[in-house]
Amino acid sequence: MTHIGTQYIETYRLILRRFELSDASAMFANWASDDEVTKFLTWPTHADVSVTEKILEEWVPQYEKADCYRWAITLKENGPEPIGIIDTCRWREDGELPEIGYCMGRRWWHQGIMSEALGAVIEFLFQRVGVERIVARHDVNNPHSGGVMRKCGMNFEGIREKAHRNNQGVIDTAQYFIERGDR
């Protein structure tokens, strides 16, 4: 495995790119300020754009690290405006197993956009970085997220009871995985 950091990825409809400080207003407006989007996430809804600005001030310098993988999801037809995020939110301690997390603005839900982004990131991590296995999980009360995982070929591994905490409290999680040979 060779860490190469967040690289530009282009799909049929999307461009996945690094965040920039100038993305704060769009990030805040498109998803970070929406309680419905953050309902099943681990971070609270942003009260105002200054919270989003502070987050981006932390994130942008992290791109200097080769093991940082965090993309702004943009639609080619909309230009550079980010509509969501996808990243490797966690790596196992030995740095060999990424866990992917994602969210996107509500007005783009149910259009196959997140499946397209996840599929591209899975392919990138297998082909360019050389990982062998990728995992993801979702709150069992958010089955649409599991649908995205299954659509991308991820395999259901099981339910872990009271395994995580998000904005709903302590929750059960559905675990998924995909291995390099599965694609």
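How each quantity is defined
- Residues numbered from 1 in each chain as written.
- Predicted model: local features only at pLDDT ≥ 70, side-chain atom pairs only at ≥ 80, totals over all residues.
- Heavy atoms only, no water.
- Helix = DSSP H or I, 4+ residues; strand = E, 2+ residues; numbered from the N terminus.
- Rg over C-alpha atoms; globule rule 2.2 N^0.38 Å.
- Buried < 20%, exposed > 50% of the residue type's maximum accessible area, 1.4 Å probe, protein only.
- Contact = heavy atoms within 4.5 Å.
- Areas by Shrake-Rupley, 256 points an atom, 1.4 Å probe, with all protein chains shown as cover.
- Lys, Arg positive; Asp, Glu negative; His and termini not counted.
- Charge placed at Lys NZ, Arg CZ, Asp CG, Glu CD.
- Patch = residues over 30% accessible without salt bridge, like charges linked within 9 Å, V, L, I, M, F, W, Y side chains within 5 Å.
- Salt bridge = Lys/Arg side-chain N within 4 Å of Asp/Glu carboxyl O.
- Axes fitted to C-alpha atoms, helices over the stretch in contact; angles between N-to-C directions.
- Parallel < 35°, antiparallel > 145°, perpendicular 65-115°, else oblique.
- Left-handed = near helix turned anticlockwise from the far one by under 90°.
- Pairing = 2+ DSSP bridges.

Participant: Which residues make up the overall build of the chain, and what are the values?
Facilitator: Counting its regular elements, the chain contains 5 helices and 8 strands. In terms of overall dimensions, the chain is globule-like: its C-alpha atoms have a radius of gyration of 16 Å, near the 16 Å expected for 183 residues. Expressed along its principal axes, the backbone C-alpha trace of the chain runs to roughly 40 × 35 × 30 Å. Relative to its 183 residues, the chain shows a buried fraction of 50%. Across the chain, every contact between residues at least 6 apart in sequence was considered, and the portion connecting residues at least 24 apart equals 65%. Within the structure as shown, the chain displays about 9,300 Å² of accessible surface, and the carbon and sulfur contribution to it stands at 47%. Mean positive and mean negative side-chain charge positions of the chain (22 and 28 charges, respectively) differ by 3 Å.

Participant: Describe a negative patch on the surface, listing the residues and the values that go with them.
Facilitator: On the surface, a cluster of negative charge is contributed by Asp 48, Glu 53, Glu 57 and Glu 58. Considering the arrangement of structural elements, one finds Glu 58 in helix α3 (residues 49-62).

Participant: Give me the lowdown on the packing of helix α4 (residues 113-129) against helix α5 (residues 143-151), citing residues and values where you can.
Facilitator: The geometry of α4 relative to α5 is characterised by a closest axis approach of 9 Å and an angle of 50° between their N-to-C directions. Overall, the two elements α4 and α5 adopt an arrangement that is oblique. In terms of crossing hand, the pair formed by α4 and α5 is right-handed. Contacts from Met 114, Ser 115 and Leu 118 of α4 reach α5 at Val 148, Met 149 and Lys 151.

Participant: Can you explain the environment of Thr 52? Please cite residues and give values.
Facilitator: Considering the arrangement of structural elements, one finds Thr 52 in helix α3. For Thr 52, a relative accessible area of 0% puts it in the buried group. Beyond its immediate chain neighbours, meaning those up to four positions away, Thr 52 contacts Ala 24, Met 27, Phe 28, Ala 32 and His 46.

Participant: Break down the pairing of strand β3 (residues 70-75) for me, citing the residues and quoting the values.
Facilitator: Burial within β3 is extensive, with 6 of its 6 residues counted as buried. Both faces of β3 are covered, namely the face carrying Arg 70, Ala 72 and Thr 74 and the face carrying Trp 71, Ile 73 and Leu 75. Note: strand β2 (residues 14-17) against β3, 4 bridges, orientation antiparallel. By the bridge assignment for β3, Leu 16 is matched with Ile 73.

Participant: Outline the pattern of salt bridges, listing residues and values.
Facilitator: As enumerated under the stated definition, the model contains 9 salt bridges in all. Between Arg 106 and Asp 34 there is a salt bridge, with its nearest N and O atoms 2.9 Å apart. Taken together, the residues span a long stretch of sequence, with Arg 106 in the loop between β5 (98-104) and α4 and Asp 34 in the loop between α1 (24-32) and α2 (35-38) at a distance of 72 residues. Classification of Asp 34 as buried rests on a relative accessible area of 15%. Across the pair Arg 70 and Asp 87 runs a salt bridge, and its minimum N-O distance is 3.6 Å.

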